[in-house]
Amino acid sequence: MGATIQTGLRDYLRLLASGKVREIYELDDTKLLFVATDRISAYDIVMKNAIDQKGAILTQLSDFWFNLLQSRMPGLRTHYISLGLPLTLQERLPPDMVEQLRLRTMVVKRLRVLPIESIVRGFITGSAWSSYQKDGTVCGIPLPSGLKESQKLQRPLWTPSTKAELGSKDENISPEQAAKIIGKEYADQIKALSLNIYEEASAYALERGIIIADTKFEFGLDESASPAAVVLLDEVLTPDSSRFWNVGTYQIGRGQESYDKQYLRDWLAQSGLKGKQGVEMPTDISTNTLERYKEAYYVLVGKVWDMATSEAP
Ligand code: ATP
Ligand code: MG
């Protein structure tokens, strides 16, 4: 069928937002349809071409994690309602659109998004490594001297960032700045939740051979609860939102072989295309990126990724 850059759903539902990767539609006052396209972004810029199957892998992996987290953390609130299309909607859509949407949609609770990104880092890499090299801190938090690239931190760090509008870049901020943006109470809750989720998820992943070096969560508020409750939303623990490293080849003091967008980021940097708009990925880059996403799915879920035989709706 080819990669999906955009779906035709806007002819059937009200499109509320289109992010770098997802389309978000209104189902009713309380529910949204969350649709992952095959678009891919790096350094906050969306590539010109898309990667077939990527959206489906992201949706299925998020589904896997929502279920796993819910079973291990019974008190955790998430936006997850169900996988796939609501039947009443599916019946109204042409068959080729149902096929295009297969495996890439999820029904979620409609919530007010809290405007910060909640990043947890267990290992020092990426923008945190650059910041540490400059002045020994990450998000204003001082770290011990002598850390090496990709080294495991003594304990996971909570390093929030702003949630930038489409087209601009998220900026790392201090926990105090995060508290100013969303209020100290919510910032404290999000920090604790993020660290707990990271701990659960990284213990699970490590047993299977993946190090979750860092990951980004987003939270929202369920204002129908009283008092309003903090809820985990968006995608969770995917190769788009996390750095996944192979435990077998992990070595401190250098960059790591990873199952995520790092491969694409490295290619962009090496070819002088970092930060450029409208970049078209050559076939080997998109194919190799897809292979990494499939491998992450296989290692984490324990099933070979297969579009054709996946049972999920
Ligand atoms: P990136 O993930 O690369 O930062 P993005 O932030 O543009 O990209 P997408 O993943 O394309 O986001 O789209 C998801 C958007 O939907 C995000 O802005 C996120 O905050 C929002 N969102 C996620 N879950 C919900 C929800 N339950 N209710 C309302 N908005 C949501
Ligand atoms: Mg996102």
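Just above, that's the structure.
Once a new chain begins, its residue numbering starts again from 1 and follows that chain's sequence as written. To read the labels, note that chains go from A and ligands from 1, taken in the order they are written. Local features are withheld for residues below a pLDDT of 70 in this predicted model, meaning they are given only at 70 or higher, and side-chain atom pairs are given and counted only at 80 or more; totals for whole chains, interfaces and linings count all residues. Processing note: side-chain calculations cover all non-hydrogen atoms of the structure and skip hydrogens and water entirely.

Caption draft 1: Region of the structure containing the packing of aromatic side chains. Note on ring pairs: Phe, Tyr and Trp rings are taken, using the six-membered ring of Trp, and paired if centres are within 6.5 Å. Classes follow the plane angle, with under 30 degrees stacked, over 60 edge-to-face and the rest tilted. Under the criterion given, the structure shown has 10 aromatic pairs. Their ring planes at 70° and their centres at 5.6 Å tell us that Phe-64 and Trp-65 sit as a pair that is edge-to-face. Trp-65 carries the same exposure label as Phe-64, and that label is buried. Pairing Trp-245 with Tyr-250 gives two aromatic rings, centres 5.9 Å apart and planes at 20°, and the pair type is stacked. The exposure class assigned to Tyr-250 is partly exposed, which follows from its relative accessible area of 23%. Among the aromatic residues, ring-to-ring pairing joins Phe-64, Trp-65 and Tyr-204 into one connected group. Should the NZ of a Lys or the CZ of an Arg lie within 6 Å of a ring centre and within 35 degrees of the ring normal, that charge is described as sitting over the ring. In this structure, Lys-274 packs its charged tip against the face of Tyr-43, placed 4.5 Å from the ring centre. A cation sits over an aromatic face here: Arg-292 above Tyr-263, 4.1 Å from the ring centre. Residue exposure (1.4 Å probe, protein chains only): buried if accessible area is under 20% of the type maximum, exposed if over 50%, otherwise partly exposed.

Caption draft 2: Inspection of the side chain of Asp-222 at higher detail. As for its position among the elements, Asp-222 is in strand E14 (residues 210–222). We treat Lys and Arg as the positive residues and Asp and Glu as the negative residues; His and chain ends play no part in the count. Salt bridges are counted wherever a side-chain nitrogen of Lys or Arg sits within 4 Å of a carboxyl oxygen of Asp or Glu. Among buried Asp, Glu, Lys and Arg side chains, Asp-222 stands out as unpaired, with Arg-77 the closest opposite charge at 4.5 Å. Here a polar contact is taken to be a pair of N or O atoms separated by no more than 3.5 Å, where protein atoms must pair a possible hydrogen donor with a possible acceptor and residues adjacent in sequence count only if both atoms sit in side chains. Engagement of the side chain of Asp-222 in a polar contact is seen with the side chain of Ser-224, the distance being 2.6 Å. When near neighbours in sequence (up to four residues on either side) are disregarded, Asp-222 contacts Arg-77, Leu-111, Ala-228, Ala-229 and Val-231. Secondary structure counts use DSSP, requiring at least four H or I residues in a row for a helix and at least two E residues in a row for a strand, with both numbered from the N terminus. Throughout, a residue-residue contact means that at least one pair of heavy atoms, one from each residue, lies within 4.5 Å.

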